[in-house]
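# A structural walkthrough
Residue-level listing of the chains:
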Amino acid sequence: MGHKGILAVVSGFSGAGKGTLMKALLEHYPDQYALSISATTRSPRAGEEHGREYFFLTRDQFEELIQKEALIEYACYVGNYYGTPRDYVLEQMEKGKDVILEIEIQGALKVKERFPDTLLLFVTPPSGAELERRLRSRGTETQEVIAGRLGRAAEEAAYMDRYEYLLVNDDLEVCMEEMHRLIQAQHHRISGCQELVESIKKELEGYR
Ligand code: 5GP
């Protein structure tokens, strides 16, 4: 087993149920995972709290983080900045936690470029119609915002092939377990177990 945590990126259309999925995963396996909390310039939705769902920042504050290179990646999404604070992610991985970034596609591809061992997961509802239904039933957003998110989903669909695994979020529990298994499988990647590989090779050298 590798010693350090896995970095997993979870993307998917807005309305795919990623948030609920993450919550379930963390509740089931609280010692295994750490969820990165992003910074954003969008306004909090009803019930959202600063430091829990996001760090809600002004544009100036966000741009300061960019300047200081305090973000692993950032992107603009439907008119707002979103970014991943660097320190927390690296600290948690060092502690052996598997860190999950719930971020959109541009950011996901940047993370993969920077950390090639990153696992890229894409979450989708079973169909496009179901996505629209879920977005409308959320009831917290205007028609305009919903239309914007559907338009964005259409654009994002073009990038689904860049991901490594597709998770269909039909049954929450099933989807969560699939995600857990996929992430845990990464601990057995040969590239992450080099120390053990080398020590076994060395031990066996004497039998040649
Ligand atoms: P929402 O406004 O619905 O919370 O999020 C909108 C989109 O931004 C979602 O696709 C979400 O995954 C993405 N997002 C959230 N945090 C980050 C981040 O730190 N970086 C990037 N690139 N995208 C993010």
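To be clear, the structure that these remarks concern was listed above.
Residues numbered from 1 in each chain as written. Predicted model: local features only at pLDDT ≥ 70, side-chain atom pairs only at ≥ 80, totals over all residues. Heavy atoms only, no water.

### Topic: the overall build of the protein
Under the convention used in this document: Helix and strand definitions follow DSSP, with helices as H or I runs of at least four residues and strands as E runs of at least two, each counted in order from the N terminus. Radius of gyration: over C-alpha atoms. The globule rule applied is 2.2 Å multiplied by the number of residues raised to the 0.38 power. Contacts are assigned to residue pairs with any non-hydrogen atoms lying within 4.5 Å of each other. A 1.4 Å probe and the Shrake-Rupley method give the accessible areas. Residues count as covered only by the protein chains that appear here. For this count, His and the chain ends are skipped, Lys and Arg are scored as positive, and Asp and Glu as negative. A charged residue contributes its charge at one atom only: NZ of Lys, CZ of Arg, CG of Asp or CD of Glu.
Each helix and strand counted, the protein has eight helices and nine strands in total. A compact globule built from 208 residues should have a C-alpha radius of gyration of about 17 Å, and the protein, at 19 Å, falls within 12% of that. For the C-alpha atoms alone, the extent of the protein along its principal axes is close to 70 × 40 × 30 Å. When contacts within the protein are restricted to residue pairs at least 6 apart in sequence, long-range pairs at least 24 apart make up 69% of them. On the protein, roughly 11,800 Å² of surface is accessible, and the fraction owed to carbon and sulfur atoms is 52%. The centroid of the 26 positive side-chain charges in the protein is displaced by 1 Å from the centroid of its 35 negative side-chain charges.

### Considering the environment of Leu166
As for its placement among the helices and strands, Leu166 is situated in strand β9 (residues 165–168). Spatially, the C-alpha atoms of Leu166 and Met179 are 9.5 Å apart, while their sequence positions differ by 13 residues. Sequence-distant contacts of Leu166, that is, excluding residues within four places in its chain, are made with Phe122, Thr124 and Met160.

### Concerning the layout of surface pockets
In this approach, a probe sized like a water molecule rolls over the atoms, and the result shows the empty space that is left. Filter applied, for reference: Cavities and pockets were defined on a 1 Å grid built over protein atoms only: a cavity is a set of grid points that admits a 1.4 Å probe from which the probe cannot escape, a pocket is an open set flanked by protein on both sides within 12 Å along at least five of seven lines, and lining residues are those with an atom within 4 Å of any such point. Grid points are joined across faces, edges and corners, and a volume is the space filled by probe spheres set on the points. Charged means Asp, Glu, Lys or Arg here, nonpolar means Ala, Val, Leu, Ile, Met, Phe, Trp, Tyr, Cys or Pro, and polar covers whatever is left, Gly included.
Within this model, the largest pocket holds a volume of roughly 1,100 Å³. Surrounding the largest pocket, 38 residues form its lining, Gly19, Arg45, Glu48, Tyr54 and Glu102 being those nearest its centre. Breaking the lining of the largest pocket down by element, the ones donating at least two residues are β1 (7–12), α1 (18–28), β5 (71–77), β6 (80–85), α5 (128–138) and α6 (143–157). Tallying contributions element by element places α1 first for the lining of the largest pocket, with six residues. Tallied by class, residues from the lining of the largest pocket come to twelve nonpolar, twelve polar and 14 charged.

### Side note on the sheet that holds strand β4 (residues 54–56)
So the rule is basically this: Any two strands are treated as partners once DSSP identifies two or more bridges connecting them. Axis lines are fitted through C-alpha atoms, for helices just across the contact stretch, and the angle between N-to-C directions can take any value from 0 to 180 degrees.
Overall, mixed pairing links the four strands, which are arranged β4-β3-β6-β5 in an open sheet. Every interior strand has two partners, whereas the edge strands, β4 and β5, have only one. Strand-to-strand, the axes of this sheet are offset by a mean angle of 25°, without reference to chain direction. Where helix α2 (residues 59–67) meets the sheet, it contacts β3 (38–40), β4, β5 and β6, and its direction lies at approximately 40° from that of β6.

### Considering the sheet that holds strand β7 (residues 98–102)
If you walk across this open sheet you meet the five strands as β2-β7-β1-β8-β9, and the pairing is parallel. The open sheet has two edge strands with one neighbour each: β2 (33–35) and β9. The mean angle between the axes of side-by-side strands here comes to 25°, regardless of whether they run parallel or antiparallel. The sheet contact formed by strand β8 (residues 119–124) and β9 spans four bridges and is parallel. In the sheet register, Val123 faces β9, and the bridge partner there is Leu167.

### Things to note about the site of the ligand
In plain terms, the rule: Residues are classed as near a molecule or strand on a simple rule: at least one heavy atom within 4 Å of it. Each polar contact in these results corresponds to two N or O atoms within 3.5 Å; when the atoms are within protein, one needs to be able to donate a hydrogen and the other to accept it, and residues that are neighboring in sequence are counted only if both atoms are side-chain atoms. Put plainly, a molecule is in a cavity or pocket when over half of its atoms are within 2 Å of the grid points there.
Around the ligand, a shell composed of 16 residues is seen, among which Ser38, Arg42, Tyr54, Tyr82 and Glu104 lie nearest. Interatomic distance of 2.8 Å between a side-chain N/O atom of Arg45 and an oxygen atom of the ligand. Here an oxygen atom of the ligand sits 3.0 Å away from a polar atom, N or O, in the main chain of Gly83. Out of a free accessible area of 510 Å², the ligand has 95% covered by protein chains. Put simply, the ligand lies in the largest pocket. Sorting the residues of the shell around the ligand by element identifies β5 and β6 as the ones contributing at least two each. Within the shell around the ligand, the residues separate by chemical class into five nonpolar, four polar and seven charged.

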